[in-house]
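These are the residues of each chain, in order.
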Amino acid sequence: MRIDIITVLPELLKSPFEASILKRAIDAGLVEVHFHNLRDYTTDRYKSIDDTQFGGGAGMVMMIEPIDKCISKLKAERDYDEVIYMTPDGNTLNQRIANTLSIKENIIILCGHYKGVDQRVRDLLITKEISIGDYVLSGGELGAAVLCDAVIRLIPGVLGNETSALTDSFQDNLLAPPIYTKPREYKGMKVPEILFTGHFANIEKWREDEAYKHTQNRRPDLLKD
Ligand code: ADE
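Rules and cut-offs
Residues numbered from 1 in each chain as written. Predicted model: local features only at pLDDT ≥ 70, side-chain atom pairs only at ≥ 80, totals over all residues. Heavy atoms only, no water. Domains from an automatic or database assignment. Near = heavy atom within 4 Å. Polar contact = N/O pair within 3.5 Å; in protein donor to acceptor, adjacent residues only side chain to side chain. Areas by Shrake-Rupley, 256 points an atom, 1.4 Å probe, with all protein chains shown as cover. Helix = DSSP H or I, 4+ residues; strand = E, 2+ residues; numbered from the N terminus. Buried < 20%, exposed > 50% of the residue type's maximum accessible area, 1.4 Å probe, protein only. Pairing = 2+ DSSP bridges. Contact = heavy atoms within 4.5 Å. Axes fitted to C-alpha atoms, helices over the stretch in contact; angles between N-to-C directions. Core = buried A, V, L, I, M, F, W, Y, C linked by side-chain atoms within 4.5 Å. Salt bridge = Lys/Arg side-chain N within 4 Å of Asp/Glu carboxyl O.

**Q** What should I look at first to understand the domain arrangement of the protein in this one?
**A** Interface size is often expressed as the accessible area that is lost when the parts come together. Structurally, the protein comprises domain 1 (2–152) and domain 2 (169–223). Look at where the C-alpha atoms of domain 1 and domain 2 centre, and you get two points 37 Å apart.

This is how it looks when you write it as structure tokens:
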């Protein structure tokens, strides 16, 4: 998979890709992540990427020209499955969206800033709009990092144990059941006996029941459909 991220603040985005699982995935050649600074696609000497709103109003708007130039250059080099715009009014990211994106070949992610982008960018160039939650960030970069993390860990081979992504919370619309490790007893708190029986079918059943109870308790909305 190849991810091209278009941003005015590449330095804000780089560190998540230089550590841990994301770095491992990149080093193993399972994913390529490229950063494109929008200012490299400007035409004036001030390297402007934004301007005031037509019709008046507070806040600057990102102009279409540098964005179009950058996306056109990328599209001339390869085909893209999706051109994603990070924005608080996009579809809220969830595990289903992450799963869908994890099997794509090439994607572009555009990070917004200020008030956002000229509407014509969205009408002409963007194929998917994603929000990471109902709050406003100062730019799309942190959202893009969250999206990339959620997607990249699902690419086959990225996680050491292939089954571990499949047993994550949300993967079957349930939250994950409780998990335990050593010691067997800590300050009087015991690990449930069932986990020591060696009876894997019963343990699996217990985990499913616990996952269901936990979901019922905390996120009953997930059980509705
Ligand atoms: N840019 C600003 N706020 C955002 C959000 N909540 N999700 C994605 N991109 C954003």
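**Q** Hey, could you run me through the site of the ligand in this one?
**A** The immediate surroundings of the ligand are formed by Met-86, Thr-87, Pro-88, Ile-130, Ser-131, Ile-132, Gly-133, Tyr-135, Val-136, Leu-137, Gly-139 and Gly-140. In this structure, a nitrogen atom belonging to the ligand sits 3.1 Å away from a main-chain N or O atom of Gly-133. Measuring from a nitrogen atom of the ligand, one finds a backbone N or O atom of Tyr-135 at 2.8 Å. Bound to the protein, the ligand loses 96% of the 260 Å² it would expose on its own. Put simply, the parts of the chain that give the shell around the ligand at least two residues each are strand E5 (82–92) and strand E7 (128–131). Here the element with the most residues in the shell around the ligand is E5; it accounts for 3 residues.

**Q** Even after reading the chapter, I still don't get the pairing of strand E6 (residues 106–111), so can you show me in this structure?
**A** Both faces of the sheet carry side chains from a regular strand, because those side chains alternate between them. Of all 6 residues that make up E6, 6 are buried, and the element is covered over most of its length. Side chains of E6 alternate between two faces, with Asn-106, Ile-108 and Leu-110 and Ile-107, Ile-109 and Cys-111 buried alike. Bridge analysis of strand E1 (residues 2–7) against E6 gives 5 bridges, and the strand direction is parallel. Considered in E6, the bridge of Ile-6 is made with Leu-110. Sheet analysis places E5 next to E6, joined by 5 bridges and oriented parallel. Residue pairing for E6: Val-83 is matched across the bridge by Ile-108.

**Q** Would you explain the environment of Lys-75 in this entry?
**A** Residue placement: Lys-75 occurs in helix H3 (residues 64–77). Assessed through its relative accessible area of 40%, Lys-75 is described here as partly exposed. For Lys-75, the contacting residues outside a window of four places in its chain are Tyr-80, Val-83 and Leu-125.

**Q** What is the right way to look at the side chain of Glu-210 in this model?
**A** By secondary structure assignment, the location of Glu-210 is in helix H7 (residues 200–218). In this structure Glu-210 touches Pro-177 and Pro-178, once residues within four positions along its chain are discounted.

**Q** Sorry if this is basic, but what is going on with the sheet that holds E7 here?
**A** Strand pairing within a sheet occurs via backbone hydrogen bonds; the two strands may be parallel or antiparallel. Read across the sheet, 5 strands follow the order E2-E1-E6-E5-E7 without closing on themselves; strand pairing throughout is parallel. Each having just a single partner strand, strand E2 (32–37) and E7 make up the two edges of the open sheet. Taken over all neighbouring pairs, the strand axes of this sheet differ in orientation by 30 degrees on average, direction set aside. Against the sheet, H3 contacts E1, E2, E5 and E6, and its axis sits at roughly 165 degrees relative to E1.

**Q** I keep staring at the nonpolar core and nothing clicks. Help me out?
**A** Within the largest apolar cluster, 31 residues are counted, with the highest numbers of intra-cluster contacts made by Ile-3, Ile-5, Ile-109, Leu-147 and Ile-152. Mapped onto this core, the elements with two or more residues apiece are E1, helix H2 (20–27), E5, helix H4 (95–102), E6 and helix H6 (141–152). At 7 residues, the largest contribution of residues to this core is made by H6. If we ignore the near neighbours within four places in the chain, the residues touching Ile-5 are Leu-13, Phe-17, Val-33, His-34, Phe-35, His-36, Ile-109, Cys-111 and Cys-148. Counting 19 residues, the second largest nonpolar core, distinct from the first, contains Cys-70, Tyr-80, Val-83 and Ile-126.

**Q** I tried to follow the pattern of salt bridges on my own but got confused; where do I start?
**A** If charged atoms from side chains of opposite charge come close, those side chains can pair. Per the stated rule, a full pass over the model turns up 15 salt bridges. Of the charged contacts, one joins Asp-27 and Lys-23 as a salt bridge, the two residues approaching to 2.7 Å between their closest N and O atoms. With a gap of 4 residues between them, Asp-27 and Lys-23 both fall in helix H2, about one helical turn apart. Asp-27 gets classed as exposed once you look at its relative accessible area, which sits at 55%. With a relative accessible area of 36%, Lys-23 lands in the partly exposed category. Ionic pairing is found between Arg-120 and Asp-118, a salt bridge with its closest N-O pair at 2.7 Å. A relative accessible area of 48% means that Arg-120 is categorised as partly exposed. Beyond isolated ion pairs, a larger network of salt bridges with shared partners links Arg-2, Asp-4 and Glu-32.

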